[in-house]
Amino acid sequence: MSHRQTDLLDSLSAELSQRVKDHVDKVLLEITRRNFASQFAQGAPELARFREAITQSDSKDDVDFLRSFREFIPITNYEPYRPFIAKFLASPCMEGDVKDMFAPGLPYFFAMTSMTSRHAPKLFPKYRPPPHLLQQNSYQGSAPSEGTTLAPSSLRYWQVLKIDCEDGKSSKEIAVCSTSIGIMRMGMNWDVEHDKDRLDLWVPGRTDPFAISLVKNYRTLFILNALFALADRRVTTIRFLFANVFVIFLQYVEDEWPLLVECIEKGIIPDVEDLGDLRAPLERYLTPNPVRAAELREIGPPVIQDWAVRVWPDLKQFVGITGGQAAVSVPKIVHLLGPSVTIKSHGYGTAECGIARVYHEGNPNTDFKVAFRDGVVEFLDVHSDEPSDRVLSSWELVTGGEYEPVVTTRYGLWRYRIADVITVKGFAPDDGLPVINYLHRRDDSLGVTFGASCTESQLTDAIVSAAQQSIGQIVAFTIVLDDRDKPVTYGYLVELAGEPSSYLLRSLYTQLYQVATRQIFENLISASDDYRLVVWQGKSRRPTIRIVDKGTFAEYHRQKCEQMNITVGHVKVPVVTFDPVMKKWFLERVIMEL
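Now for a look at the structure at hand. (Residues numbered from 1 in each chain as written. Predicted model: local features only at pLDDT ≥ 70, side-chain atom pairs only at ≥ 80, totals over all residues. Heavy atoms only, no water.)

**Some words on the packing of helix α21 (residues 552–564) against helix α22 (residues 580–587)**
Our working definition: Axis lines are fitted through C-alpha atoms, for helices just across the contact stretch, and the angle between N-to-C directions can take any value from 0 to 180 degrees. A helix here means a DSSP run of H or I that spans at least four residues, while a strand means a run of E at least two residues long, and both kinds are numbered starting from the N terminus. Here roughly perpendicular refers to angles of 65 to 115 degrees, roughly parallel to angles under 35, roughly antiparallel to angles over 145, and oblique to all remaining angles. The handedness criterion is simple: a crossing whose near helix is rotated anticlockwise from the far helix by less than a right angle is left-handed, and one whose near helix is rotated clockwise is right-handed. Contacts are residue-level and defined by heavy atoms, with any inter-residue pair within 4.5 Å sufficient. Three classes are used: nonpolar for Ala, Val, Leu, Ile, Met, Phe, Trp, Tyr, Cys and Pro, charged for Asp, Glu, Lys and Arg, and polar for all others, with Gly counted as polar.
For the pair α21 and α22, interaxial distance at closest approach is 11 Å and the crossing angle is 140°. With respect to α22, the element α21 is oriented oblique. With respect to the hand of their crossing, α21 and α22 are arranged in right-handed fashion. Across from Thr552, Phe553, Glu555, Tyr556 and Gln559 in α21, the residues of α22 making contact are Met582, Trp585 and Phe586. When grouped by side-chain class, the residues that make up the contact of α21 with α22 number five nonpolar, two polar and one charged.

Below you can see the structure in the form of structure tokens.
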């Protein structure tokens, strides 16, 4: 569907530049003055020069304070924060030891980074924001809409940290969970201690009763969400963190279609795994609906074009991250949603900080306007010859430039590197804030491993383009080092949307897929000068494509969730798989090589 477009500014006028500077300075002062008294700000060696500068100047002078911040706060990564965060993990953990650690008071929850196979998750404390910010939709878990919203969410947590309070009698429990779940809990005041008291709750506007969010089994979570959503004809919004997880959700719907329709007809909860005492509250909410069941039987499972708007006639929008790995699932989603449904992203952010909101006057999938709700965003020029610690403010950016965001947050991070690369598309004409597009992670491990530094975005774009031209719809993919021959190359492992056997029946099947490997190769040659050079030098060769069995990526998500006791929002299949155990697991599921 077409997007409303507003002309962006290529550069800022003096007036707009000053407006942006005034806005940034105001938020930066609010954050840094509040957090300057924290244990981290007063004790971290990295901030010693800043503390000394404040001591020697007029600390009440805002201009001096900001000048000292910009001159003496260095770029930081996770290491300076690690020993301070470790104090929360101690047992026993006393309130006096961790109070005001990064910001005033105690954290409401700890956000954890998404789990890939290469790294253990990082933990970031999240404090309750000021009341005026807590009222914003982004802190309420989901924006309001007419009708109902299908937004499967698990309130599961990785662990709970116990803090013994100063009174010596009570304690506080702090969940370690995904950012989205923590924000939902904070916005709804759903503390961990009283989850079982909410089993009879059903939040208006949602398709799922509260009890479903406590389900631990991955398959059961999706089947029950599908059951209540299919029973509800009023759905107007579908919301997933990652768009490709919606495709996995629909695989469960397709596989269990007869069961789901029968349960709606009879008003019964299916016999699913690990439901336990959650069955009773759910049974009270599901009543027999033979009319709806007959309607669903006539429509059939999610395989036909425009399926979603047939099932939910009032469906207006799908919200989910469509970049990175999720990009390959977009054609499948568009096919099932139909052209009348708007697809847009959640915005751009990380576990550390929300960085930018969806820019609705542009492409809601890819255009984001820098925001200062969670913190102040500064930037490093990734192509600059200047020292790597030369930090740029929003009004100093150049259209078309590529930058790494650096954040100073309300939660106590000081000029923290995000390790992403973004490009500036232009500046919003109303307030002068930068409108950006996400490009890729800032990581040189690809070049070290493969001998060619194609970015994750280039590797993803290559397979997306090949899918559109020859392969057809793809559920998901990952890339492994294909070292079966010399030189090494990128080995794509791809799951097709549909049974592979149906493709084999096509007379041109083999020819089309041979074309696909050539298309990927040509796309990478065109996109990366470095790749073109190493191919010319004989250090790399044409990428390979292998097909994995149907359901491979759904099974990967399920296993990760249950093995690591994490929610689906934390499972991220990397664009490039480095871990040898994970690589072996995927290769065991290869059913065909092209």
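Next comes the rest of the write-up.
**Observations regarding the environment of Phe36**
Structurally, Phe36 is set in the loop between α1 (14–35) and α2 (39–43). Residues Phe36 and Arg51, 15 residues apart in the sequence, show an inter-C-alpha distance of 8.8 Å. Excluding residues that lie within four positions of it along the chain, Phe36 makes contacts with Ala41, Gln42, Phe50, Arg51, Ile54, Phe65 and Trp414.

**As for the pairing of strand β13 (residues 402–409)**
So the rule is basically this: Throughout, exposure labels follow a simple rule: accessible area from a 1.4 Å probe, protein chains only, divided by the maximum for the residue type, with under 20% read as buried, over 50% as exposed, and the rest as partly exposed. The rule for pairing is simple: two strands pair if DSSP sees at least two bridges between them.
Burial analysis of β13 places seven of its eight residues in the buried class, which makes it a mostly covered element. Inspection of the sheet shows strand β12 (residues 375–381) paired to β13 by seven bridges, in the antiparallel sense. Residue pairing across strands places Glu378 opposite Val406, the latter belonging to β13. Of the strand pairs in this sheet, β13 and strand β15 (residues 420–427) are connected by two bridges, and their pairing is antiparallel. From the neighbouring strand, Tyr403 faces β15, where its bridge partner is Ile422.

**Some points on α21**
Formally: Any helix carries an expected span of 1.5 Å times its number of residues minus one.
If you check α21, its first and last C-alpha atoms are 18 Å apart, about what 13 residues at 1.5 Å a residue would give, namely 18 Å. Residues of α21 that are buried: Thr552, Phe553, Ala554, Tyr556, His557 and Cys561. Where α21 is buried, its residues meet α9 (218–231), α10 (243–255), β17 (474–482), β18 (489–496), β19 (544–548) and α22. Positive phi appears at Asn565, one or two residues downstream of α21, with a value of about 55°.

**Overview of the pattern of salt bridges**
For the record, the criterion: In the sections that follow, a salt bridge refers to a side-chain nitrogen of Lys or Arg positioned within 4 Å of a carboxyl oxygen of Asp or Glu.
By the definition in use, this model includes 36 salt bridges. Its salt-bridge partner being Asp430, residue Lys369 comes within 3.7 Å of it at the nearest N-O pair. Within this pair, whereas Lys369 is found in strand β11 (residues 368–370), its partner Asp430 is found in the loop between β15 and β16 (434–441), the two being separated by 61 residues in sequence. The class for Asp430 is partly exposed, based on a relative accessible area of 48%.

**Quick notes on the sheet that holds strand β20 (residues 590–593)**
The sheet built from four strands is open, its strands ordered β17-β18-β19-β20 with mixed pairing. Two strands lie at the open edges of the sheet, namely β17 and β20, each paired on one side alone. Ignoring strand direction, the axes of neighbouring strands in this sheet form an average angle of 30°. Alignment of β18 against β19, held across four bridges, turns out to be parallel. By the bridge assignment for β19, Val494 is matched with Ile547.

**Things to note about the environment of Glu71**
By secondary structure assignment, the location of Glu71 is in helix α4 (residues 62–72). Residue classification places Glu71 among the exposed positions, given a relative accessible area of 51%.

**Quick notes on the packing of α9 against helix α11 (residues 257–266)**
Axis separation between α9 and α11 bottoms out at 10 Å; the angle between their running directions is 55°. Classified by the angle between their axes, α9 and α11 sit oblique to one another. Between α9 and α11 lies a crossing whose hand is right-handed. Facing α9, whose interface residues are Ile223, Ala226, Leu227, Leu230 and Ala231, α11 presents Trp257, Leu260, Cys263 and Ile264. Grouping the amino acids of the contact of α9 with α11 by side-chain chemistry returns nine nonpolar, no polar and no charged.

**Section: the pairing of β17**
Among the nine residues of β17, eight are classified as buried, and the element is accordingly described as predominantly covered. Here β17 pairs with β18 via eight bridges, running antiparallel. Pairing of Ile474 across the sheet is with Leu496, part of β18. Hairpin remark: β17 followed by β18, antiparallel, with six residues in the connecting loop.

These figures come from the coordinates and say nothing about function on their own.
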